[in-house]
Structures are given as structure tokens and as C-alpha cells.
Amino acid sequence: MSSTCTVAPARLPKVQLPTDMELVLKVVPMPADCNVNGDIFGGWVMAQVDVAGSILPNRYARGRMATVAVNEFIFKQPVRVGDLLSFYSKVVRIGKTSITVLVEVFAECCTDQGRYVKVTEAKLTYVAIDHEGRPRPLPQALPE
């Protein structure tokens, strides 16, 4: 299987990793995560984005929370087996019970380390919930 770098590496634009976002997850997709074309399933990427997106809201919620909305999800480039995916996130909105985050995913080709391609970006909203699954207010004192 080839990597995301299906074009000559020198032709790919060198993308800078975000400095205003937090690295929340790194993962390498495996052959079992591929479709028949050799690309990683979009649903697999979506699941990883959901995990990565929940990291920062977890700090605020201090308890149970759930994904309430996928506000936007854009697949920019295919992901291939062996790519090292880096998931960056930042909080873009805090409400009474919910938190919206932006997640950007970058692939580092295993054959061209140090060169990144932005493969996915998404905006997701999480809601703090009580033990019965109902929305609950976020704590007043938010972490720095």
C-alpha cells in the first residue's frame, strides 16, 4: 500500500502545523482500516476525530459528556496505511452546557517524514450530561 504521498513529495505543499491549537492525538491507521481502494475508511477517520475532539471539552465538563453535533466535516485528502496522523484541536465556543471545538488532522507520510498534508478538518459540539443523559451546566470555574 502506498501512503498519502501518491504524488512526488517535492510537489506537495509543505504545510505548517498549527501553533494556536493543541496536539491531542496521534495515530497510525492499519490495513484493517482500509476500503477496497486502499484508502482509510472515512468512518474510521470520523471516529478518531470524535475521540480527538472530546479531549479539550473533557477538561471543561469534569464529568460525562456526549457528542451532540458534527457541525462540519471536510475530507481534504485521502489517508493511507502507514501515515502518521496528528490531530490538533482548539475550543471555539463555550455555552452553558456545550462546547464546540475545531479539529484539524494532518498526515505525515511515512516515506517523507517532516512533510505534512492537511487531510481533514471538522467542527464538533459536545454537551455535558448528567447520569441520566440530560444536559447539565458546565462548571463555573473553567480551567486555564
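Everything quoted here is computed from the prediction, not taken from an experiment.

Criteria and cut-off values
- Residues numbered from 1 in each chain as written.
- Predicted model: local features only at pLDDT ≥ 70, side-chain atom pairs only at ≥ 80, totals over all residues.
- Heavy atoms only, no water.
- Core = buried A, V, L, I, M, F, W, Y, C linked by side-chain atoms within 4.5 Å.
- Buried < 20%, exposed > 50% of the residue type's maximum accessible area, 1.4 Å probe, protein only.
- Helix = DSSP H or I, 4+ residues; strand = E, 2+ residues; numbered from the N terminus.
- Contact = heavy atoms within 4.5 Å.
- Phe/Tyr/Trp six-rings, centres within 6.5 Å; stacked < 30°, edge-to-face > 60°.
- Salt bridge = Lys/Arg side-chain N within 4 Å of Asp/Glu carboxyl O.
- Expected span 1.5 Å × (residues − 1).
- Patch = residues over 30% accessible without salt bridge, like charges linked within 9 Å, V, L, I, M, F, W, Y side chains within 5 Å.
- Areas by Shrake-Rupley, 256 points an atom, 1.4 Å probe, with all protein chains shown as cover.

Novice: I keep staring at the nonpolar core and nothing clicks. Help me out?
Specialist: Side chains of a nonpolar character, in soluble globular proteins, are inclined to be buried together. Residues Val49, Leu85, Phe87 and Val103 are the most contacted members of the largest nonpolar core, which totals 27 residues. Where this core is concerned, the elements lending two or more residues are helix H1 (42-61), strand S3 (84-94), strand S4 (98-108) and strand S5 (116-128). Looking at which element gives the most residues to this core, the answer is H1, with 7 residues. With residues near it in sequence (within four places) discarded, valine 103 still touches Val49, Ala52, Gly53, Phe87, Tyr88, Ser89, Thr120, Glu121, Ala122 and Leu124. Residues Met21, Tyr88, Leu102 and Phe106 belong to the second largest nonpolar core, which totals 5 residues.

Novice: Where do I start with the packing of aromatic side chains in this structure?
Specialist: The description of two aromatic rings rests on the distance between their centres and on the angle between their planes. In the structure shown here, the tally under the stated rule is 2 aromatic pairs. Both rings, one in phenylalanine 73 and one in phenylalanine 75, keep their centres 4.9 Å apart while their planes meet at 50 degrees; by these two values the pair is tilted. Under the relative-accessibility criterion, phenylalanine 73 is labelled partly exposed at 21%. A centroid spacing of 5.9 Å and a plane angle of 85 degrees characterise the contact between tyrosine 88 and phenylalanine 106, whose relative ring orientation is edge-to-face. Of the two residues, tyrosine 88 sits in strand S3 while phenylalanine 106 sits in strand S4, which places them 18 residues apart along the sequence. The buried category is assigned to phenylalanine 106, whose relative accessible area is 2%.

Novice: Explain unusual backbone geometry here, please?
Specialist: Most of the time, phi is negative for any residue but glycine, and the peptide bond is trans. The phi angle at arginine 62 is positive, at roughly 50 degrees, despite the residue not being glycine. Looking at the element boundaries, arginine 62 is found in the loop between H1 and strand S2 (65-75).

Novice: Help me understand the pattern of salt bridges in this model?
Specialist: Opposite charge on two side chains makes pairing possible when the charged atoms of those side chains draw close. Evaluated as defined, the whole model comprises 8 salt bridges. With a closest N to O distance of 2.4 Å, aspartate 39 and arginine 80 form a salt bridge. Taken together, the residues aspartate 39 in the loop between strand S1 (22-27) and H1 and arginine 80 in the loop between S2 and S3 connect sequence positions 41 residues apart. Taking relative accessible area as the criterion, arginine 80 reaches 15% and is therefore assigned buried. One salt bridge in this structure joins lysine 118 and glutamate 104, with 3.3 Å as the shortest N-O distance. Pair noted here: lysine 118 is in strand S5 and glutamate 104 is in strand S4, with a separation of 14 residues, a long-range link. Put simply, Lys76, Glu104, Lys118 and Glu121 are held in one network by salt bridges that share partners.

Novice: Which parts of the structure should I look at to understand H1?
Specialist: Across its 20 residues, H1 extends 28 Å between first and last C-alpha, which sits within 8% of the 28 Å expected from 1.5 Å per residue. Those residues of H1 not exposed but buried are Trp44, Val45, Gln48, Val49, Ala52, Gly53, Ser54, Leu56, Pro57, Tyr60 and Ala61. Structurally, H1 contributes buried residues whose contacts are with S1, S2, S3, S4 and S5. Immediately beyond the C-terminal end of H1, within one or two residues, lies arginine 62, with a positive phi of roughly 50 degrees.

Novice: Even after reading the chapter, I still don't get a nonpolar patch on the surface, so can you show me in this structure?
Specialist: A cluster of nonpolar side chains, contributed by Met46, Val70 and Phe75, occupies part of the molecular surface with about 270 Å² of accessible area. Structurally, phenylalanine 75 is set in strand S2.

In short, geometric facts, not functional conclusions.
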